[in-house]
Amino acid sequence: MVRLLALGLLGACDVSAVSIEVDGPVVVARWNAAAVDSRVEVQGANGDVLTTAWQAPSDEGHEALLLGLYPGEAYSAAAATRDGGRSVPSAFETSPLPGDFPTWSTEGTPGWDGFLVGSLLGDSSNVVVMDEHGQVLWFHEEVSDTRVIRARPRVDGRGIWYAAFRDTDETAAPELVSVSWQGDQLYREAIDNFTHDFVEQADGTLGLLLEDPRPVTGYEDDVRGNRVIQFQPGESPDEVFSTWDIWVPDVDGQVHDGNTWTHGNALDWDEETRAYTIGFRGQDALVEVGADSGEVRRQVGGPTSTYRFVSGAVESFDQHQFQWVDGGVLIFDNGVSETGSRAVEFALDDEAGTATERWSYQHDPVLWVYALGDVDRADDGSTLVTFSTSGVIDDLSADGEPRWSLTTGLGTVLGYTTRVSSLPGVVLAP
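Thresholds applied
Residues numbered from 1 in each chain as written. Predicted model: local features only at pLDDT ≥ 70, side-chain atom pairs only at ≥ 80, totals over all residues. Heavy atoms only, no water. Phe/Tyr/Trp six-rings, centres within 6.5 Å; stacked < 30°, edge-to-face > 60°. Buried < 20%, exposed > 50% of the residue type's maximum accessible area, 1.4 Å probe, protein only. Lys NZ or Arg CZ within 6 Å of the ring centre and 35° of its normal. Core = buried A, V, L, I, M, F, W, Y, C linked by side-chain atoms within 4.5 Å. Helix = DSSP H or I, 4+ residues; strand = E, 2+ residues; numbered from the N terminus. Lys, Arg positive; Asp, Glu negative; His and termini not counted. Salt bridge = Lys/Arg side-chain N within 4 Å of Asp/Glu carboxyl O. Contact = heavy atoms within 4.5 Å.

It is worth spelling out the packing of aromatic side chains at this point. Tallied over the full model, the rule gives 13 aromatic pairs. Taken together, a centroid distance of 4.8 Å and an interplanar angle of 50° make the contact between W269 and Y276 tilted. Neither W269 nor Y276 differs from the other in exposure class; each is buried. In this structure, R298 is placed above the aromatic ring of W324, and the distance from its NZ or CZ to the ring centre is 3.7 Å.

Structure, rendered in structure tokens:
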């Protein structure tokens, strides 16, 4: 339901009061300031909450999204000018979450500031933006019969990209989707063999992980490897890399049930080095590939690993998400039901060509995550670990001690997570 709150002008300065439009998780502020730079400042029950970016004077009026507000809360918004003017505050209330929205609880105190972009998968599939306290600030329900396991903010700030995979109709191609913060569809394309993960480069180029099935002598059905493609939306894709370039199924790894061979399930992008890293669960391997050349730069694990695992390091980690860290790599090791899942970090010695386990963490009690799972290391050394199918996120200090945890309600799964420090056009209040 759309609610409009429009208040009159404040004659004492060259800025009008703010008109607020609330439509589900979307809050839009509008005001007029024709002679001076202006912005909107929002206050809640405990004081300042956020400000929007400064906007140049305009005779056409101003508009800004108010991203980062809690649902079902009372706020006030005032238009402020760079020369010190300020309008009468406009009171408004955000919409509560829908009654059938997935539930969750939190415990402890988080040790970081920012936002988490991901998905909640239960009876419905919701793309969400949460703050560090686990409060949902924005959501978008994918109404088709799909599950969203990866969502990422658009680099242009206009909204969210996400990948939608069919739950019941396996013959239907997965879809890459983008929606604005207002919920308007910006892009939707069915992509054959799209699987698990994608990334967006700084210039808007998209990199996608696909299955790459090919006939192999001795197998009745095609054996399913993987490849990476990249493209600008609306343009034809270029192939970057295929597992068939470096491995042979009968020589370099077992072909599993359903002729699944490499089982690629995670994709990362490094803007500085222009490299993709792909996680292959079927080979217990991470492979770094140059985006422009398609050449393999290094491999961690798998049949042709650049590094030899030493000091009792477990080479089989059945992994999902991962992150390169200083001098090593951090991996979500799904493990097996008997031992449970963990986050594990390996030190990589390029000169000696060795991989040595230097840190690991398991939730208490131990959880086994049979699918998905994510890790994220911050600059201060703290770590977020997402136990996806168990519905748990743990926030660990730099010393590896749990300080905050989120747990979803029964039957709700967490997708992959992306941690960001800011939302478009919004500055958090100190």
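Past the structure itself, the notes keep going.
This part takes up the nonpolar core. In terms of nonpolar packing, the biggest core is built from 39 residues, with I20, W31, V42, L66, F92, W138 and Y162 touching the most fellow members. Here this core takes 6 residues from strand β3 (residues 26–33), the largest share from any one element. Listed in part, the 20 residues of the second largest apolar core include W244, W247, I278 and A285.

On the secondary structure map, E132 appears in the loop between β11 (125–131) and β12 (136–142). Buried charged residue E132 carries no salt bridge. Nearest counter-charge: R419, at 9.3 Å. With sequence-adjacent residues up to four places away left out, E132 is seen in contact with P110, W112, D113, G114 and W404.

For residues besides glycine, phi is generally negative; the peptide bonds are generally trans as well. In the segment running from D364 into P365, the intervening peptide bond is cis, with an omega of 5°. Mapping P365 onto the fold places it in the loop between β29 (354–361) and β30 (374–377). Notably, H263 is not glycine yet its phi reads approximately 50°, a positive angle. Relative to the helices and strands, H263 resides in the loop between α1 (249–252) and β21 (264–270). Residue class for H263 comes out partly exposed when judged on its relative accessible area of 29%. Positive phi, normally seen in glycine, also occurs at L372, with a value near 60°. In this fold, L372 is placed in the loop between β29 and β30.

Okay, the pattern of salt bridges next. Taken as a whole and judged by the stated rule, the model has 21 salt bridges. A salt bridge links R30 to E21; its shortest N-O distance comes to 2.8 Å. Here E345 and R358 are joined by a salt bridge, their closest N and O atoms 2.7 Å apart. Highlighted residues: E345 in strand β28 (residues 342–349) and R358 in strand β29, separated in sequence by 13 residues.

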